[in-house]
Amino acid sequence: MASAATAVSAEEGLPHLSSQAYLEGKAVGESCALVADLCRHFYNLGWVTGTGGSITVKVHDDAVPKPHQLIVMSPSGVQKERMVPEDMYVLSGSGAVLSAPSQKPYPHKPPKCTDCAPLFMKAYQMRNAGAVIHSHGMESCLITMLHPFSKEFRITHMEMIKGIQGHGYYDELVIPIIENTAHERELTESLSQAMAAYPKATAVLVRNHGIYVWGDSWINAKTQAECYHYLFDAALKLHQLGIDYSSPSHGLIGSTNAFQDKNKRLNDAVKALENGEHCPETSRHCVVLDIEGTTTPITFVTDVLFPYARDNVRKHLVSTYESDETKEDIKLLRTQIEEDLKQGVSGSVPIPPNDDAKNDVVESLVTNVEAMIKADRKITSLKQLQGHIWRAGYENKELQGIVYEDVPEALKKWNANGTKVYIYSSGSREAQKLLFANTLYGDLRKYLSGFFDTTVGNKRESCSYLEISQTVGVDKPSQILFVTDVYQEAVAAKAAGLEVLISVRPGNAPLPDNHGFKTIRSFAEV
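None of the values given here were measured: they were computed from a predicted structure.

What counts and what doesn't
Residues numbered from 1 in each chain as written. Predicted model: local features only at pLDDT ≥ 70, side-chain atom pairs only at ≥ 80, totals over all residues. Heavy atoms only, no water. Helix = DSSP H or I, 4+ residues; strand = E, 2+ residues; numbered from the N terminus. Rg over C-alpha atoms; globule rule 2.2 N^0.38 Å. Buried < 20%, exposed > 50% of the residue type's maximum accessible area, 1.4 Å probe, protein only. Contact = heavy atoms within 4.5 Å. Areas by Shrake-Rupley, 256 points an atom, 1.4 Å probe, with all protein chains shown as cover. Lys, Arg positive; Asp, Glu negative; His and termini not counted. Charge placed at Lys NZ, Arg CZ, Asp CG, Glu CD. Patch = residues over 30% accessible without salt bridge, like charges linked within 9 Å, V, L, I, M, F, W, Y side chains within 5 Å. Salt bridge = Lys/Arg side-chain N within 4 Å of Asp/Glu carboxyl O. Core = buried A, V, L, I, M, F, W, Y, C linked by side-chain atoms within 4.5 Å. Pairing = 2+ DSSP bridges. Axes fitted to C-alpha atoms, helices over the stretch in contact; angles between N-to-C directions. Phe/Tyr/Trp six-rings, centres within 6.5 Å; stacked < 30°, edge-to-face > 60°. Right-handed = clockwise from strand over helix to strand, strands pointing away. Parallel < 35°, antiparallel > 145°, perpendicular 65-115°, else oblique. Left-handed = near helix turned anticlockwise from the far one by under 90°. pLDDT = per-residue confidence, 0-100.

Trainee: Could you give an account of the overall build of the protein chain, with specific residues and numbers?
Mentor: Broken down by element type, the protein chain carries 16 helices and 16 strands. The C-alpha radius of gyration computed for the protein chain amounts to 26 Å, which stays within 12% of the reference 24 Å derived for 526 residues, consistent with globular compactness. Across its three principal directions, the C-alpha atoms of the protein chain cover 75 × 60 × 50 Å. Going through the 526 residues of the protein chain one by one, you find that 49% of them count as buried. Within the protein chain, residue pairs in contact and separated by at least 24 positions form 66% of the contacts whose partners lie at least 6 positions apart. Carbon and sulfur atoms make up 51% of the accessible area of the protein chain, which amounts to about 24,700 Å² in all. Distance between charge centres in the protein chain, computed from 52 positive and 63 negative side chains, equals 3 Å.

See the structure below:
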């Protein structure tokens, strides 16, 4: 192996880890041999064929704190069943390459570390994992396709659930499902979000792709991976038999045909649009509205709400410091800031322990929150705190929700003719409700049937709109009108089969030439 770096471990206070002697020592050598053995084993199971999939383990050393232990990763684009220890990459605890394999003669490709590296690092950083396995096993792919709009896999009352960390026979096993992307590294953010949203999970499924499994050691990760694949295979076979694997009784699936028919109608609608065909004309049942640039000027958020939250962070934290709500807000912020510090996010500063002086804790929180607001970060901890600050502002009459003057009349009209209206915004549902409850035109929530935020999915992904179409209970996505000012959201909604209009309001971003969507300047045109 060729040495690639020597400085990283020094900054961790453990300079010997990057020494040539340590890199060529017994602990690293055994870990490299272990990964090669596991790759051959998993190849025979069908998990890493076609050079797909990958494995990584920590180099166990009792003298080194786990976060700083070296990491061994398998390379990319290599026949997994033919790998040898010399093919492995060795990384520092922070993810910098310390040792890389040498170039092999033709027909071997130049060496390259696994494309899964940034996702593996998330498991190490967020879960303190000792090993991570990425499998392309057929059952892990097919199980995500069984219910194409589901964001979770659920199963219960199966013996092999006991092999999953923190679970017993009577527990329900829940695994989040994220959407696939063209490049592995592009999954990093959605994987991180899923790990944060499902703290009990030790795996994340990737639709039409495979699974990431982690454990506190390679044995634990391997055991769980085997149990997961067993459970997926069992679920697929039970479904073929018409048995509901997600219920404790494992009875016959109820209304199976109705469910399949509904999915078929959704898929047929999407396929028709992809082929340039038109879906059959149906009456519009629902309207889904974006907020910024659609119901409300963008400047209300950028020039009013954001500055108000920034200017009142200190006041809010000081006055509510002992409340359970603010304690929960601070807990969320601490978790996010710890992750930001590990990632070197600009503007992040450490938060003193809770038993330190209240003023010191508040000041450090204010510094972090101001940096988050400046960067316009879309993170739950910030959105939750902002929502609570804005609520106080509305209650004190220091804030008033702003909507375009044509909005109240349109909401009244749709409500009168039986058309349900929903809001879908990147802001939290609480923030959405506050805005519409406190307008110059009074409380407009009485005209709204519900609120969606990004917990339903990213606004630029088609599956989010299919999820909404199932939630609101329409027979076809084309029975929903979606109005937004963002071109990429319009494209995603159209791909899901929704009717789409783009809102053109003062201050909105320009649209691409020949964008192909009908535009409106007022809801009176709808």
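Trainee: So what's going on with a nonpolar patch on the surface? Which residues, and what values?
Mentor: The grouping of Met138, Leu142 and Met145 at the surface amounts to a nonpolar patch, some 290 Å² of accessible area in total. When you line up the elements, Met138 lands in helix H5 (residues 138–145).

Trainee: Any chance you could break down the nonpolar core for me, citing the residues and the numbers?
Mentor: The biggest cluster of nonpolar side chains holds 51 residues, and the ones touching the most others in it are Leu289, Trp390, Leu411 and Phe436. When residues in this core are grouped by element, the largest group, 8 residues, is from helix H9 (residues 298–320). Dropping the residues within four chain positions of it, Leu289 is found in contact with Thr295, Leu411, Trp414, Val421, Tyr422, Ile423, Tyr424, Val483 and Phe523. Counting residues in hydrophobic clusters, the runner-up holds 49 residues, among them Ala36, Ala131, Cys227 and Ala235.

Trainee: So what about the sheet that holds strand S15 (residues 499–503)? Which residues, and what values?
Mentor: Spatial ordering of the open sheet is given by S13-S12-S11-S14-S15-S16, a layout of 6 strands whose pairing is parallel. Because the sheet does not close on itself, it has two edges, and the strands there are strand S13 (450–452) and strand S16 (519–520). Of the pairings in the sheet, the one linking strand S11 (residues 286–289) to strand S12 (residues 420–424) comprises 4 bridges and is parallel in character. Considered in S12, the bridge of Val288 is made with Tyr422. Of the strands in this sheet, S11, S12, S13 and strand S14 (480–484) touch helix H15 (residues 462–471), which is tilted by about 145 degrees from S12.

Trainee: Account for the pairing of S11, naming residues and giving values.
Mentor: The alternating pattern of S11 places Cys286 and Val288 on one face and Val287 and Leu289 on the opposite face, and all of these are buried. Judged from the 4 bridges that link them, S11 and S14 form a sheet pairing that is parallel. Bridged to Val287 within S14 is Leu481.

Trainee: Give me the lowdown on unusual backbone geometry, citing residues and values where you can.
Mentor: Following Tyr106, the chain continues to Pro107 via a peptide bond in cis, the omega torsion being 10 degrees. Relative to the elements of secondary structure, Pro107 occurs in the loop between strand S5 (97–100) and helix H4 (117–127). Not every positive phi belongs to a glycine, and Asn514 is a case in point at roughly 55 degrees. Note that Asn514 resides in the loop between S15 and S16.

Trainee: Describe the packing of aromatic side chains, and please don't skip the residues or the numbers.
Mentor: A full pass over the atoms with the stated rule returns 11 aromatic pairs. Taking the centre distance of 5.7 Å and the plane angle of 50 degrees together, the rings of Trp414 and Phe523 count as tilted. Here Phe523 lies in the segment after S16 and Trp414 lies in helix H13 (residues 407–416), a separation of 109 residues in the sequence. We note that Trp414, like Phe523, is buried. One aromatic cluster in this structure is built from Phe153, Tyr228, Phe232 and Tyr245.

Trainee: Report on the pairing of strand S8 (residues 172–178), specifying residues and quantitative values.
Mentor: Within S8, 6 of the 7 residues are buried, which leaves it mostly tucked inside the rest of the structure. Here 5 bridges tie strand S7 (residues 152–156) to S8, and the two strands are oriented antiparallel to one another. Looking at S8, one finds that Glu152 is bridged to Pro176. On the question of chirality, the crossover connecting S8 to the parallel strand S9 (residues 203–206) by way of helix H6 (residues 188–197) is right-handed.

Trainee: Please provide a residue-by-residue account of the pattern of salt bridges, values included.
Mentor: One pass over the structure, following the stated rule, counts 21 salt bridges. The closest approach of N and O atoms between Glu339 and Lys122, which form a salt bridge, is 3.2 Å. Of the two residues, Glu339 is situated in helix H10 (residues 324–343) and Lys122 in helix H4; the sequence distance between them amounts to 217 residues. You can call Glu339 buried: its relative accessible area is 14%.

Trainee: Account for the environment of Pro110, with residues named and values stated.
Mentor: With respect to the secondary-structure elements, Pro110 resides in the loop between S5 and H4. As for Pro110 and His183, which are separated by 73 residues in sequence, their C-alpha atoms are 19 Å apart.

Trainee: Describe the packing of helix H12 (residues 380–395) against helix H14 (residues 429–437), and please don't skip the residues or the numbers.
Mentor: At a closest axis distance of 9 Å, the pairing of H12 and H14 adopts a crossing angle of 15 degrees. It follows that H12 is roughly parallel to H14 by the angle criterion. Both H12 and H14 take part in a crossing whose hand is left-handed. Taking contact as the criterion, the partners of Gly387, His388, Trp390, Arg391 and Tyr394 in H12 are, on H14, Glu430, Ala431, Leu434 and Leu435.

Trainee: If you had to explain the confidence of the model for the protein chain to someone new, which residues and values would you point to?
Mentor: Mean pLDDT for the protein chain: 89, with 91% of residues reaching 70 or above. Confidence drops under a pLDDT of 50 for residues 3–12, and excluding neighbours within four residues, the segment shows 24 contacts in the predicted structure. pLDDT under 50 marks residues 278–282. Its contacts with residues more than four places away, or in other chains, come to 9 contacts.

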